[in-house]
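Listed below are the residues making up each chain.
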Amino acid sequence: MTENNHTTPRPISPQQADEVLIVDPTRGEETEGMLLLFRRGGLRDEGYIAYRGQTIDMAEVKEVTFHNTSIPYLPNTYQVVITSTSPQCPTISIPAGSDASTAMRMALEIERLLFAPTT
């Protein structure tokens with residue numbers, strides 16, 4: 001699959017990714033549970049992330065956070081949310097299970113991989 005603003009197909013396979021993050025441990029084998037990071041030459045600004053066929057350039061990512069999406073009287077359900085400046089995909093919401101600390105750790109790990117200086 002390709003994003004509208006890219007003319008060449010981008011790989012979105014876990015086997016081709018530089019990093020595969022299992023955001024929801026209960027969905028590790030499903031595309032809903034994985035976030036894929038691709039780095040071109042190890043540079044953050046030249047890489048992209050892929051989730052369920054959508055791709056966003058890493059340079060377009062503004063924020064990574066998590067929040068509780070449950071409604072009253074039901075078990076907690078958390079999502080990791082990635083916001084971007086991409087008009088094609090301004091927000092990616094990834095189910096992160098029912099544990100707040102796991103959702104927070106995944107958001108922090110994604111943030112570290114996206115915003116940490118590369119060597």
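Our structure is the block above this text.
Residues numbered from 1 in each chain as written. Predicted model: local features only at pLDDT ≥ 70, side-chain atom pairs only at ≥ 80, totals over all residues. Heavy atoms only, no water.

Student: Can you explain the overall build of the protein chain? Please cite residues and give values.
Tutor: On a plain count of helices and strands, the protein chain comes out with one helix and seven strands. Ordering the α and β elements of the protein chain from the N terminus gives β-β-β-β-β-β-β-α. A buried classification covers 39% of the 119 residues belonging to the protein chain. Of the roughly 6,800 Å² of accessible surface on the protein chain, 52% is carried by carbon and sulfur atoms. (Helix = DSSP H or I, 4+ residues; strand = E, 2+ residues; numbered from the N terminus. Buried < 20%, exposed > 50% of the residue type's maximum accessible area, 1.4 Å probe, protein only. Areas by Shrake-Rupley, 256 points an atom, 1.4 Å probe, with all protein chains shown as cover.)

Student: Give me the environment of aspartate 18: which residues, what numbers.
Tutor: Counting through the fold element by element, aspartate 18 comes out in the segment before β1 (19-22). With relative accessibility at 44%, the residue aspartate 18 sits in the partly exposed group. Counting along the chain gives 21 residues from aspartate 18 to arginine 39, while the straight-line C-alpha distance between them is 6.4 Å. The contacts of aspartate 18, once residues within four sequence positions are left out, are Leu37, Phe38 and Arg39. (Contact = heavy atoms within 4.5 Å.)

Student: Account for the sheet that holds strand β7 (residues 91-95), naming residues and giving values.
Tutor: Across the sheet, three strands lie side by side as β5-β6-β7; this open sheet has antiparallel pairing. Lying at the two open borders of the sheet, with one neighbouring strand each, are β5 (61-68) and β7. Averaged over all neighbouring strand pairs, the angle between strand axes comes to 20°, with direction disregarded. With respect to the sheet, helix α1 (residues 100-115) is in contact with β5 and β6 (78-84), its orientation differing from that of β5 by roughly 175°. (Pairing = 2+ DSSP bridges. Axes fitted to C-alpha atoms, helices over the stretch in contact; angles between N-to-C directions.)

Student: Explain the nonpolar core residue by residue, including any values.
Tutor: Core analysis: the largest hydrophobic core is formed by 23 residues, its most contacted members being Leu35, Ile49, Ile82 and Ile110. Of all elements in the fold, only β2 (34-40), β3 (43-51), β5, β6, β7 and α1 reach the threshold of two or more residues within this core. Among the elements that line this core, the one with the most residues is α1, at six residues. One finds Leu36, Phe38, Tyr48 and Ala50 within the second-largest nonpolar core, a separate group that totals six residues. (Core = buried A, V, L, I, M, F, W, Y, C linked by side-chain atoms within 4.5 Å.)

Student: Mind laying out unusual backbone geometry, listing which residues take part and the relevant values?
Tutor: Even without a glycine there, the phi angle at arginine 52 is positive, about 50°. The backbone of tyrosine 73 sits at a positive phi, close to 75°, despite the residue not being glycine. Along the polypeptide, tyrosine 73 turns up in the loop between β5 and β6.

Student: Please provide a residue-by-residue account of the packing of aromatic side chains, values included.
Tutor: We describe a pair of aromatic rings using the distance from one ring centre to the other and the angle between the two ring planes. Going through the model one piece at a time under the given rule, you end up with two aromatic pairs. Consider the rings of phenylalanine 38 and tyrosine 48, whose centres lie 4.7 Å apart with planes at 15°: the pair is stacked. Placement of phenylalanine 38 in strand β2 and of tyrosine 48 in strand β3 is noted, with a sequence separation of 10 residues between them. Residue phenylalanine 38 shares its accessibility class with tyrosine 48, and that shared class is buried. An angle of 50° between the planes, with centres 6.3 Å apart, marks the rings of phenylalanine 66 and tyrosine 78 as tilted. Taken together, the residues phenylalanine 66 in strand β5 and tyrosine 78 in strand β6 connect sequence positions 12 residues apart. Since its relative accessible area comes to 28%, phenylalanine 66 is described here as partly exposed. (Phe/Tyr/Trp six-rings, centres within 6.5 Å; stacked < 30°, edge-to-face > 60°.)

Purely spatial values, then, with no claim about function.
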